[in-house]
Amino acid sequence: MEKYFHSVTLDEDKCMGCTNCIKRCPTEAIRVRNGKARIINERCIDCGECIRICPYRAKKAITDEFSCIEKFKYKIAIPAPTIYGQFKPEISRNRILNAFKAIGFDDVYEVARAAEYVTYATRKLVLDDASPKPLISSACPAVVRLIQVRFPSLIDNLIKLESPMEVAAKIVKKKAAEKKGIDPSDIGAFFITPCAAKATSVKAPYESKKSSVDGVISIKDVYLKLISSMDRSNDTELLTKAGFEGIRWANSGGEGLAVGTDRFLAVDGIHNVISIFEEVENDKIENVDFIEALACTGGCLGGPLAVENLYVAKTRIKKHVDDAKALKDDRQPLETYDENMVWTEEIAYKPVMKLDNDIREAMRKLEALEIINRGLPGLDCGACGAPSCRALSEDIVRGIAVETDCIFKLREKVRDLASQMKELEDRRPPVMGNDKG
Amino acid sequence: MADGLMKLHYEIPADDLTYAGEASSSVKKVLVQLGINPVQIKKAAVSMYEAEINAVIHGHGGAADIEIGNGRIFICIEDKGPGIPDLELAMQEGWSTASDEVREMGFGAGMGLPNIKRYADKLDIETETGKGTKVMITVMYPNT
Ligand SMILES: Nc1ncnc2c1ncn2[C@@H]1O[C@H](COP(=O)(O)OP(=O)(O)OP(=O)(O)O)[C@@H](O)[C@H]1O
Ligand code: SF4
Ligand code: SF4
Ligand SMILES: [Mg+2]
């Protein structure tokens, strides 16, 4: 694996260098150079903001192609709960799940069900007086990475439990190996995702050495296939296992409600998440034991790889939640899950904003940065390719930009040069007579 | 920057809670860029934030002067406000003279000064009734 894998990448051919994306990025990870956007890899948290804002669709999220399922003999789809919000309300959850079998999967297991296991484990931690409060959900990988680069003091507050996606993959692969006697190496679990950050998580996990998920396929890429298989699939096999609490995870607030404490706060949209984390860092959040923080506006339903409009999808999820509530009593018996869900790897602070390893050198750079910044116009126009004048000053002291990248500075320089040239022109060589006489 | 010492100065506007906390959040950014350890950043940022807010709501505004270097972050927040008549009482958890209006904005729990005491490695407060208050916070960081 390369040092920094990112799902979010740039399509050079489509990028017009318009600078729309540079200001939206929560970690100032984008610069425009030679007319093309560049993502600074170690800063990107895969939040997908730049995908949403780009008017030319030049930012994309890399996921696996559908054909990747062919690498395994036994193929299992593990769809994110967001999937239920993508289809017409009259299509039942069971019919959606059966459609996965119709398009080539041997089995399907709801990540929503695994979300319920994660909820049970979370509930225990939240009730435990010994855990640091407020606890912060780690369900959204973009939020975990945000904490790593911008809020290191909150690393301790993160709930270090595997995500529902990982838990789902483990459960269903184990079950297939045990019940069907299939060789584990022949079983592939494929996450069907609205999320770029999850794709990164599978290829470059932070919570363990290797992900249990074998491929990540975007909802966009299976959507049409599923639609055209909805009729063919004759909705006979009962595949639904999740209750309403797991399904509701797709929505912002869903995970928080499931944890079952009044002392929870749910925030969505990466810029709102940042404001809340700033308040937590300042000890300004009171009476909150659990924070659900999702990078996408509206939660995963607003994920960059979802097909349906967020608000339409919200209404649809509500119907599925209500249906599941009504069914609650004759739900299939819950299989028990006692596996350890705790992360096996530690996550560390990534000091990407640090100016230098040597603090004295960092001070010198910071002072130079302030002086440069004072000389810039302060318009944050973005024409230099950096998100703000301050960010350009930072790039200059880091040695990756020069002052004349600023068009105002460039004009100043040109004007100076012009007046110098004029002055030179006025001077005549002595042989032609000196004007000073 | 003389002797590896970095000095910063910020004005703290009076009574405007919408922008209150800007100085401490700028200092936090500086500490991050200098590569100071997150634990020390949190200590310095939270204690400065509380002192800054106090200067805004109780002290009619003032100024913040910060010195960073040689293993030490020194924060001095000074105002020319009414001063604190009984400092011992003010240091107690839950003691507050904040108005209802201020409380509605989420301040006035009487936790600011106790929090500063908790986070600062060293705390000195000079205050005189009718003259003003000077809060001096020191946070040490491993000097590598
Ligand atoms: N700079 C100051 N000038 C005048 N009085 C002050 C100043 N700082 C604190 N005080 C007094 O000390 C009291 C306690 O301060 P403290 O910061 O602990 O609580 P608070 O500001 O009232 O509430 P909180 O900080 O929890 O929002 C204040 O209510 C105020 O009466
Ligand atoms: S995905 Fe988010 S963090 Fe990464 S470059 Fe885009 S906006 Fe920035
Ligand atoms: S909110 Fe959901 S879809 Fe969006 S980045 Fe986080 S986990 Fe992915
Ligand atoms: Mg206070």
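Rules used in this analysis
- Residues numbered from 1 in each chain as written.
- Chains lettered and ligands numbered in written order.
- Predicted model: local features only at pLDDT ≥ 70, side-chain atom pairs only at ≥ 80, totals over all residues.
- Heavy atoms only, no water.
- Helix = DSSP H or I, 4+ residues; strand = E, 2+ residues; numbered from the N terminus.
- Rg over C-alpha atoms; globule rule 2.2 N^0.38 Å.
- Buried < 20%, exposed > 50% of the residue type's maximum accessible area, 1.4 Å probe, protein only.
- Areas by Shrake-Rupley, 256 points an atom, 1.4 Å probe, with all protein chains shown as cover.
- Lys, Arg positive; Asp, Glu negative; His and termini not counted.
- Charge placed at Lys NZ, Arg CZ, Asp CG, Glu CD.
- Contact = heavy atoms within 4.5 Å.
- Axes fitted to C-alpha atoms, helices over the stretch in contact; angles between N-to-C directions.
- Parallel < 35°, antiparallel > 145°, perpendicular 65-115°, else oblique.
- Buried area = accessible area lost by both parts, 1.4 Å probe.
- Salt bridge = Lys/Arg side-chain N within 4 Å of Asp/Glu carboxyl O.
- Polar contact = N/O pair within 3.5 Å; in protein donor to acceptor, adjacent residues only side chain to side chain.
- Phe/Tyr/Trp six-rings, centres within 6.5 Å; stacked < 30°, edge-to-face > 60°.
- Lys NZ or Arg CZ within 6 Å of the ring centre and 35° of its normal.
- Near = heavy atom within 4 Å.
- Nonpolar A, V, L, I, M, F, W, Y, C, P; charged D, E, K, R; others polar.
- Arc of directions from axis to C-beta.
- Patch = residues over 30% accessible without salt bridge, like charges linked within 9 Å, V, L, I, M, F, W, Y side chains within 5 Å.
- Pairing = 2+ DSSP bridges.
- Domains from an automatic or database assignment.
- Right-handed = clockwise from strand over helix to strand, strands pointing away.

Undergrad: Describe the overall build of chain B, listing the residues and the values that go with them.
TA: A count of helical and extended segments in chain B gives five helices and five strands. Helices and strands in chain B line up, N terminus first, as β-α-α-β-β-α-α-α-β-β. Compactness check: chain B gives a C-alpha radius of gyration of 15 Å against a globular reference of 15 Å for 144 residues, within 12% of the reference. Counting every position in chain B, which comprises 144 residues, the buried fraction comes to 54%. Taken as a whole, chain B presents about 7,100 Å² of accessible surface, with 50% of it coming from carbon and sulfur. Taking the average location of the 13 positive side-chain charges in chain B and that of its 21 negative ones, the two points are 7 Å from each other.

Undergrad: Would you mind going over the overall build of chain A in detail, with residue names and values included?
TA: Of regular secondary structure, chain A possesses 14 helices and 11 strands. Along the longest, intermediate and shortest principal axes, the C-alpha atoms of chain A span 110 × 50 × 40 Å. Here chain A, with 437 residues, has 54% of them falling under the buried criterion. Here the contacts in chain A between residues at least 6 apart in sequence split such that 78% fall between residues at least 24 apart. Accessible surface, chain A: about 20,400 Å² in total, of which carbon and sulfur atoms supply 51%.

Undergrad: Can you tell me about the packing of helix α4 (residues 141–150) of chain A against helix α6 (residues 196–203) of chain A, naming the residues and giving the values?
TA: Residue and element names in this part refer to chain A. Taken N-terminus to C-terminus, the directions of α4 and α6 make an angle of 75°; their axes are 8 Å apart at the nearest point. Taken together, the axes of α4 and α6 lie roughly perpendicular to each other. Judged by residue contacts, P141, A142 and R145 of α4 engage A197, K198, T200 and S201 from α6.

Undergrad: Describe the interface of chain A and chain B, with residues and values.
TA: By convention, interface size is frequently given as the accessible area that disappears when the constituent parts associate. At the junction of the two partners, chain A supplies 24 residues and chain B supplies 28 residues. Among the residues chain A hides against chain B, the three largest losses belong to N282, I359 and M363 of chain A. Together they make up 27% of the total. Counting every contact that joins chain A to chain B gives three salt bridges. K42 of chain B is the partner of D283 of chain A in a salt bridge, and the nearest nitrogen-oxygen pair spans 3.6 Å. Here chain A and chain B share four residue pairs in polar contact (both at pLDDT 80 or more) between them. Those elements that place two or more of their residues in the side of chain A that touches chain B are α10 (270–281), α12 (359–375) and α13 (389–397) of chain A.

Undergrad: Before we move on, can you summarise the packing of aromatic side chains with the specific residues and values?
TA: The way to describe two aromatic rings as a pair is by their centre distance and the angle between their planes. Residue and element names in this part refer to chain A. Enumeration according to the criterion identifies eight aromatic pairs over all chains in this entry. If you follow R93 out to its NZ or CZ, it ends over the ring of Y84, 5.7 Å from the centre. Across from the ring centre of F66, 4.6 Å away, lies the NZ or CZ of K225, which sits over that ring.

Undergrad: Help me get a handle on the site of ligand 2, residues and values and all.
TA: Taken together, 13 residues lie around ligand 2, and C25, C44, I45, C47 and C50 of chain A are the ones closest in. In terms of residue class, the shell around ligand 2 is made up of nine nonpolar, two polar and two charged.

Undergrad: Outline helix α7 (residues 219–229) of chain A, listing residues and values.
TA: Residues and elements named next belong to chain A. Considered for burial, the residues of α7 that qualify are I219, V222, Y223, L226 and S229. Taken down its axis, α7 places every buried residue within 145° of arc, on the same side. Summarising the contacts, the buried residues of α7 are in contact with α2 (93–102), β8 (187–193) and β9 (215–218).

Undergrad: Requested: an account of a positive patch on the surface, with residues and values cited.
TA: A cluster of basic residues, K14, R57, K60 and K220 of chain A, forms a positive patch at the surface. For K14 of chain A, a relative accessible area of 40% puts it in the partly exposed group.

Undergrad: Any details on the packing of α12 of chain A against helix α1 (residues 22–34) of chain B? Residues and values, ideally.
TA: Running from N to C, α12 of chain A and α1 of chain B point in directions that differ by 130°, and their axes come no closer than 9 Å. With respect to α1 of chain B, the element α12 of chain A is oriented oblique. Here I359, A362, M363, L366 and L369 of chain A of α12 of chain A lie close against α1 of chain B, whose contacting residues are V30, Q33 and L34 of chain B. Class assignment for the residues of the contact of α12 of chain A with α1 of chain B results in seven nonpolar, one polar and no charged.

Undergrad: Give a detailed account of the side chain of E292 of chain A, specifying residues and quantitative values.
TA: All names here are of chain A. Positionally, E292 belongs in strand β11 (residues 290–294). Salt bridges are absent for the buried E292, whose nearest opposite-charge side chain, R248, sits at 8.3 Å. Here G256 takes part through its backbone nitrogen, which lies 2.8 Å from a polar atom of the side chain of E292. Not counting chain neighbours up to four residues away, the residues in contact with E292 comprise S137, N251, S252, G253, G254, E255, G256, L265, A266 and V267.

Undergrad: Lay out the site of ligand 1 with the relevant residues and their values.
TA: Residues and elements named next belong to chain B. Around ligand 1, the structure places 19 residues, and the nearest of them are N54, S96, T97, G108 and M111. One nitrogen or oxygen atom from the main chain of G108 is found 2.6 Å from an oxygen atom belonging to ligand 1. Secondary structure elements with two or more residues in the shell around ligand 1: α2 (38–57) and α5 (112–119). Take the shell around ligand 1: its biggest share by element is three residues, from α5.

Undergrad: Residues and numbers for the pairing of strand β4 (residues 122–128) of chain B, please.
TA: As paired strands, β4 of chain B and strand β5 (residues 132–140) of chain B are joined by seven bridges and run antiparallel to one another. Residue pairing across strands places K122 of chain B opposite T138 of chain B, the latter belonging to β5 of chain B.

Undergrad: A description of the pattern of salt bridges should follow, citing residues and the corresponding values.
TA: Residue and element names in this part refer to chain A. Evaluated as defined, the whole model comprises 34 salt bridges over all chains. E394 serves as the salt-bridge partner of R43, at 2.9 Å between the closest nitrogen and oxygen. Here E394 lies in helix α13 and R43 lies in the loop between β3 (36–39) and α1 (49–53), a separation of 351 residues in the sequence. E394 shares its class with R43; the two are buried. The closest approach of N and O atoms between K319 and D323, which form a salt bridge, is 3.0 Å. Of the two residues, K319 and D323 are both situated in helix α11 (residues 310–327); the distance of four residues between them amounts to about one turn of the helix.

Undergrad: Outline the domain arrangement of chain A, supporting the account with residue identities and numerical values.
TA: Residue and element names in this part refer to chain A. When the domains of chain A are assigned, the result is domain 1 (8–61), domain 2 (66–233 + 246–330) and domain 3 (359–426). Taken together, the contacts link nine residues of domain 1 with 14 residues of domain 3. With both chains or domains summed, domain 1 and domain 3 bury close to 840 Å², and 38% of this area falls on carbon and sulfur atoms. The largest share of the area that domain 1 buries against domain 3 comes from K23, R31 and R33, three residues that together contribute 51% of it. Put simply, domain 1 and domain 3 have five residue pairs in polar contact (both at pLDDT 80 or more) between them. For the side of domain 1 that touches domain 3, the residue count by class is three nonpolar, one polar and five charged.

Undergrad: Got a sec to walk through the pairing of strand β10 (residues 264–268) of chain A? Specific residues and values, please.
TA: Residues and elements named next belong to chain A. Across five bridges, β10 lies against β11 in parallel orientation. Within the sheet, the bridge partner assigned to L265 lies in β11 and is I291. Remark: the β10/α10/β11 crossover connection has right-handed handedness.

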